[in-house]
Amino acid sequence: MSWLTWRVPFQRRLVSSDRSRFLLNSPFPEKMIRFILLQNRQGKTRLAKYYVPLEESEKHKVEYEVHRLVVNRDAKFTNFVEFRTHKVIYRRYAGLFFSVCVDITDNELAYLESIHLFVEILDHFFSNVCELDLVFNFHKVYLILDEFILAGELQETSKRAIIERMSELEKLE
């Protein structure tokens, strides 16, 4: 079987009545980011970007479960934790947890490095970023995230290229 004819088989009809659980374990391509969450230590979600469709109730449930997973882990453990049938890679910066949910077979270190790159870009763009920058300038944070990740895939990994694009967009405003 050649690589051109190989396709990921998936089932179009829903077996379960719980549509949200099906979509989280869905026919979307492997090796993609399912969602990105930025949460503070109290559990307030400061940024949430979902690349798979979920209902609002399921989103709140996912945010609560992910927060409980990452905030209670001891620092001596790894920053990778299994979540349902996927994997959550997280990193704590000051009072914020940056969490990325990916497929179980994805490379953890690549996503851990991408979280760090995202924080470096935010830090450069906002010049010493803090949680309030994310709250009051959320539209710019989403813009940076969209330059960095597109449709659940890492799009651009060059810090310089992303910062140049953002400065061009700033000139247009």
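Scoring rules and cut-offs
- Residues numbered from 1 in each chain as written.
- Predicted model: local features only at pLDDT ≥ 70, side-chain atom pairs only at ≥ 80, totals over all residues.
- Heavy atoms only, no water.
- Helix = DSSP H or I, 4+ residues; strand = E, 2+ residues; numbered from the N terminus.
- Buried < 20%, exposed > 50% of the residue type's maximum accessible area, 1.4 Å probe, protein only.
- Contact = heavy atoms within 4.5 Å.
- Core = buried A, V, L, I, M, F, W, Y, C linked by side-chain atoms within 4.5 Å.
- Pairing = 2+ DSSP bridges.
- Axes fitted to C-alpha atoms, helices over the stretch in contact; angles between N-to-C directions.

Looking up the chain in an unreviewed UniProt entry gives the name AP complex subunit sigma, with the organism given as Camelina sativa.

(A) Structural context of the overall build of the chain. A tally of regular secondary structure across the chain gives 6 helices and 7 strands. Secondary structure of the chain in N-to-C order comes out as α-β-β-α-β-β-β-α-α-α-β-β-α. Expressed as a percentage of its 173 residues, the buried residues of the chain come to 39%. Taking the intrachain contacts of the chain between residues at least 6 apart in sequence as the baseline, contacts between residues at least 24 apart amount to 50%.

(B) Main features of the nonpolar core. Within the largest apolar cluster, 43 residues are counted, with the highest numbers of intra-cluster contacts made by Ile33, Phe35, Ile36, Phe98, Phe118 and Leu122. It is helix H3 (residues 108–126) that provides the largest number of residues to this core, a total of 9 residues.

(C) Molecular detail of the sheet that holds strand E1 (residues 33–40). Spatial strand order, E2-E1-E5-E4-E3: 5 strands in an open sheet with antiparallel pairing. Lying at the two open borders of the sheet, with one neighbouring strand each, are strand E2 (45–50) and strand E3 (80–83). When strand polarity is set aside, the average angle formed by the axes of neighbouring strands in this sheet is 20 degrees. As judged from the 8 bridges shared by strand E4 (residues 86–93) and strand E5 (residues 96–103), these two strands associate in the antiparallel manner. Opposite arginine 91, over in E5, you have phenylalanine 98 as the bridge partner. Packing of helix H2 (residues 56–71) onto the sheet brings it into contact with E1, E2, E3, E4 and E5, and relative to E1 it is tilted by some 65 degrees.

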